[in-house]
Amino acid sequence: MDRNDSFREFVAGHQQALMRTAYLLTGDAHQAEDLLQSVLLKVLRRWSRLSLVEHPEAYVRKALLNQHISWRRRRGRIELPTADPPDRPYSSEDPTIVRLVMRRALMLLPPRQRAVIVLRYYEDQTERETAELLNCSIGTVKSQAHYALARLRELAPELAPKLADMEAEETYR
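Everything quoted here is computed from the prediction, not taken from an experiment.

What about the overall build of the protein?
What the protein contains, in helices and strands, is 9 helices and 0 strands. When the helices and strands of the protein are placed in sequence order, the string is α-α-α-α-α-α-α-α-α. A buried classification covers 37% of the 173 residues belonging to the protein. When contacts within the protein are restricted to residue pairs at least 6 apart in sequence, long-range pairs at least 24 apart make up 66% of them.

So, the nonpolar core
If you look at the biggest cluster of nonpolar residues, it comprises 28 residues, and the most contacted ones within it are Leu65, Ile117, Leu152 and Leu159. Contributing elements (two or more residues each) for this core: helix 1 (3-26), helix 5 (95-107), helix 6 (111-122), helix 7 (127-134) and helix 8 (138-155). Leave out the neighbours within four places in its chain, and Leu159 touches Val98, Val101 and Met102. Grouped together as the second largest cluster of nonpolar side chains are 16 residues, Ala32, Leu36, Leu40 and Leu50 included.

Concerning the environment of Leu18
The residue Leu18 is located in helix 1 in this model. Residue classification places Leu18 among the buried positions, given a relative accessible area of 1%. The spatial distance from the C-alpha of Leu18 to the C-alpha of Arg61 is 6.8 Å, given a sequence separation of 43 residues. When neighbours within four sequence positions are excluded, Leu18 is seen to be in contact with Phe10, Leu36, Glu57, Val60, Arg61 and Leu64.

Things to note about the packing of aromatic side chains
In this description, a pair of aromatic rings is defined by centroid distance and the angle of the planes. A complete count under the given rule lists 2 aromatic pairs for this structure. Where Phe10 meets Trp47, the ring centres are 5.0 Å apart and the plane angle is 40 degrees; that geometry is what we call tilted. Taken together, the residues Phe10 in helix 1 and Trp47 in helix 3 (residues 47-50) connect sequence positions 37 residues apart. Note on Phe10: relative accessible area 6%, which makes it buried. Among the aromatic residues, ring-to-ring pairing joins Phe7, Phe10 and Trp47 into one connected group. Its end group placed over the ring of Tyr121, Arg120 keeps NZ or CZ at 6.0 Å from the ring centre.

Quick notes on the packing of helix 6 against helix 8
One can describe the packing of helix 6 onto helix 8 by two numbers: an axis separation of 9 Å at closest approach and a directional angle of 100 degrees. On the basis of the axis angle, helix 6 is roughly perpendicular to helix 8. Two secondary-structure elements touch here, helix 6 through Arg112, Gln113, Val116, Ile117, Arg120 and Tyr121 and helix 8 through Val141, Gln144, Ala145, Tyr147, Ala148 and Leu149. Looking at side-chain class alone, the contact of helix 6 with helix 8 contains 8 nonpolar, 2 polar and 2 charged residues.

Rules of the game
Residues numbered from 1 in each chain as written. Predicted model: local features only at pLDDT ≥ 70, side-chain atom pairs only at ≥ 80, totals over all residues. Heavy atoms only, no water. Helix = DSSP H or I, 4+ residues; strand = E, 2+ residues; numbered from the N terminus. Buried < 20%, exposed > 50% of the residue type's maximum accessible area, 1.4 Å probe, protein only. Contact = heavy atoms within 4.5 Å. Core = buried A, V, L, I, M, F, W, Y, C linked by side-chain atoms within 4.5 Å. Phe/Tyr/Trp six-rings, centres within 6.5 Å; stacked < 30°, edge-to-face > 60°. Lys NZ or Arg CZ within 6 Å of the ring centre and 35° of its normal. Axes fitted to C-alpha atoms, helices over the stretch in contact; angles between N-to-C directions. Parallel < 35°, antiparallel > 145°, perpendicular 65-115°, else oblique. Nonpolar A, V, L, I, M, F, W, Y, C, P; charged D, E, K, R; others polar.

Below you can see the structure in the form of structure tokens.
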């Protein structure tokens, strides 16, 4: 199997998970595709060495995080246009509503806090794995998660029960 076949096999096996991570980081399907494509091009150039690493997916995930943060720094703060929500009642238990509210709130977090929330609670990474991916200490991951969850509570009070569940899960890990 040559280098390109090995890379194609890797992408085929991990594309969905990597795309989900990119989407959760960017909040936009098109930006997520651009982010993933940009990172995969860089990875392809280094694939001969990376294919020998035990977990190349971890390297690619870290590259996604770094590229996203780099893009955010270059582009500055991106404004997301939103309309006022309709004055009709909705159930805070409706999974679609919860996802939409959570997505909107996640997009308002700083990139590092968003990355911690995505890795810890959506990708189910441990504190140690998250710290390694973000190249910071475990204490930083804990504090960023704490501040991010507090900020999410401010931005979307209707998510408070869900966020409390996330924190409760955290104490049992």
